[in-house]
Amino acid sequence: MSDEFDAVVEEMRARASPTDDERAQLQRVADAVMADAEAAIADLPVAAEVVQVGSTARGTWTAGDRDVDVFVCFPPSLDREALEEYGLTVGHEVLPDGREEYAEHPYVVGEREGYAVDLVPCYAVEDATEIQSAVDRTPFHTRYLQERLDDDGAGEVRVAKQFLKGIGVYGSDLRTRGFSGYLTELLVLEYGGFRAFVEAVADWYPPVRLDPEDHGSETFDDPLVVIDPTDPERNVAAVLSATNVARLQHYARDLLAEPRASLFTEDDPEPFAAPDIEAAVSQRETTPMALRFVAPDVVDDQLWPQLRKSLDGLCSELDRLGFEVLRSAAFVEDGSGDDGGRAVDSARATAGGDSGSPAQRDAVLLLEFAVAERPAVERHEGPPVHVREHASGFFEKYDDDPEVAGPFIDGDRYVVERPRAITTATGFLLSDAVFDVGLGPRIESALEDGYEVLVGTEITALADGFGVDLADYFEPKP
């Protein structure tokens, strides 16, 4: 088995390693971007340093990646407003067709000869513990790993990244909540190679805490804690979900038990068409319901936490009301235009108000109910009879109410059976009660503009735009 494992790893190392031509071409573009940035800085009333950061600077990027990250490091004495102004000036000078995006502060992204370029301003602080902006740590990360990863180590990292991509847990964006490149590099460095990393992961018992520099003093409530070697107060794995830790463990054991190249290859399922969705719904004999609406115009790292918060709020309230939610999920169109970019329009049965813009993406909150309808009455228990004051108050409140059965005594308590305010999950989702469950603020605004509720086999309408998501949902993998 060891020989088989080693053979697969060597195959993946060759697949994941950029060719000499790829390396040379990427570095030529990176050098040109940095030269243009330095020229733009010369026209500013402040000095700054241009550095290449990220996996391309560390030699840990995988074949086919076409990302170039360049930071412009300004003096720490510069105020934030000036940093943003000068950073955008340099960014637009270097990438005249670029666009502004926003993390902790704005920066410019664009394209140069087919490469995606991020040009980001930061502060040139002397120590990562003195950061004024979260991105200030990045140059420290690059220097730390450049000093410790040789060519063999970089190759081991590329294999690890390819594996994490293949099993769907690579990426620290707030949709994926997976392993960042920096975290992957630290883990491979900590364990001494890809195989040792996989073997260790297979035996992890979360919470797992690693501290490469043995300098952490903070405690973290996360399934995996990796103390940043450049900042003792930061957990590099803070964004990582417990689901993705468990998923990595599953596939680490799978790889060790049966080494094979297919685990290193991303494999989206065939999208479900309408008949596939209808068959799945009929077979399960549950009641799926989907709220479809125009996604708010925010970046995904702001959108996905709000979608999850909204889904959690809906599930909690519906469960409290007695509607048993079997499973739930959130989907967002990818925005590529392949799926038509549908918007809520006047032809839909909407709740709320206005329709959206055809240029925007749709989002879906899917809830699948094991119990979607409740009786017309509900049991409501009062206090024990012997708690005289409260029991008397309960009895008097309902004694003359013609709509309730009771009060009567069951055991030691007064009980009434009263009309249930909402008897179907559909009724709840179409009512204003939706807006009382602690939705994400931007999701709440989007729903106020109008949304559609699809019930049962009506969710076949989601095949155009969400076919892959629904294939994943109805045929889930570990």
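Please read these numbers as outputs of a predicted model, since none were measured by experiment.

The rules behind these values
The numbers attached to residues start from 1 for each chain and follow its sequence in the written order. A pLDDT threshold of at least 70 governs which residues receive local features in this predicted model, and a stricter bar of 80 or more applies before side-chain atom pairs are shown or counted, although totals over entire chains, interfaces and linings include all residues. Excluding hydrogens and water, the side-chain figures rest on all heavy atoms present in the structure. Counting from the N terminus, the helices are DSSP H or I runs at least four residues long and the strands are E runs at least two residues long. When a residue's accessible area, from a 1.4 Å probe over protein chains only, is under 20% of the maximum for its type it is buried; when over 50% it is exposed; and in between it is partly exposed. Any helix carries an expected span of 1.5 Å times its number of residues minus one. Only heavy atoms matter for contacts: two residues are in contact if any of them lie within 4.5 Å across the pair. Throughout this description, a polar contact denotes any pair of N or O atoms lying within 3.5 Å of each other; where both atoms belong to protein, one of them has to be capable of donating a hydrogen while the other can accept it, and for residues adjacent in sequence the pair is counted only when both atoms sit in side chains. Among buried residues, those of type Ala, Val, Leu, Ile, Met, Phe, Trp, Tyr and Cys that are joined through side-chain atoms within 4.5 Å constitute a nonpolar core. Pairing between strands is defined by DSSP: at least two bridges between them are needed. Orientation is described by axes fitted as lines to C-alpha atoms, over the contacting stretch for helices, and by angles from 0 to 180 degrees between their N-to-C directions. A pair is scored as a salt bridge if a Lys or Arg side-chain nitrogen falls within 4 Å of a carboxyl oxygen belonging to Asp or Glu.

A. Structural detail: unusual backbone geometry. Residue Pro 207 is reached from Pro 206 by a cis peptide bond, and omega for that bond is 5 degrees. Tracing the chain through its elements places Pro 207 in the loop between helix H8 (194–202) and strand S6 (208–210). In this structure, Glu 113 takes a positive phi of about 55 degrees despite not being glycine. The topology assignment puts Glu 113 in the loop between strand S4 (106–112) and strand S5 (115–123). With a relative accessible area of 45%, Glu 113 lands in the partly exposed category.

B. Helix H4 (residues 80–94), seen in detail. The terminal C-alpha atoms of H4, which comprises 15 residues, lie 21 Å apart, in line with the 21 Å expected from a rise of 1.5 Å per residue. Tucked inside the fold, the buried residues of H4 contact helix H2 (20–41), strand S2 (67–74), strand S3 (99–102), S4 and S5. Where H4 begins, one side-chain oxygen reaches toward the backbone nitrogen of Glu 81, 3.2 Å away; that side chain belongs to Asp 79.

C. Expanded view of the nonpolar core. Core analysis: the biggest nonpolar cluster contains 42 residues, and Phe 194 and Leu 224 have the highest contact counts within it. Of all the secondary structure elements, the ones that give two or more residues to this core are helix H1 (2–16), helix H5 (138–146), helix H6 (151–166), helix H7 (181–191), H8, S6, strand S7 (224–226) and helix H9 (242–257). Considering each element in turn, this core owes the most residues, 6 residues, to H8. In contact with Leu 224, other than residues within four places in its own chain, are Phe 179, Leu 187, Trp 204, Val 208, Asn 235, Ala 237, Leu 240 and Val 245.

D. Local environment of the sheet that holds strand S1 (residues 49–53). With respect to topology, 5 strands assemble into an open sheet ordered S1-S2-S5-S4-S3, the strand pairing being mixed. Pairing within the sheet leaves two strands with one partner each, and these edge strands are S1 and S3. Along the sheet, successive strands turn relative to each other by an average axial angle of 30 degrees, direction set aside. Direction of pairing for S4 relative to S5: antiparallel, over a ladder of 5 bridges.

E. Focus on H7. By the criterion of burial, H7 is predominantly enclosed, with 8 of the 11 residues buried. Buried within H7 are the following residues: Gly 181, Tyr 182, Leu 183, Thr 184, Glu 185, Leu 186, Leu 187 and Val 188. Of the surrounding secondary structure, the elements contacted by the buried residues of H7 are helix H3 (55–58), H5, H6, H8, S6 and S7. Positive phi appears at Gly 192, one or two residues downstream of H7, with a value of about 90 degrees.

F. Fine view of the pattern of salt bridges. All told, the structure shown has 25 salt bridges when counted by the stated rule. Close ionic contact of Asp 410 with Arg 379 constitutes a salt bridge, the shortest N to O distance being 3.0 Å. Of this pair, Asp 410 sits in strand S13 (residues 405–410) while Arg 379 sits in strand S12 (residues 377–384), placing them 31 residues apart in sequence. Judged by relative accessible area, Asp 410 falls into the partly exposed class, the value being 38%. Classification of Arg 379 as partly exposed rests on a relative accessible area of 44%. Taken together, the shared-partner salt bridges connect Asp 6, Arg 195 and Glu 199 into one network.

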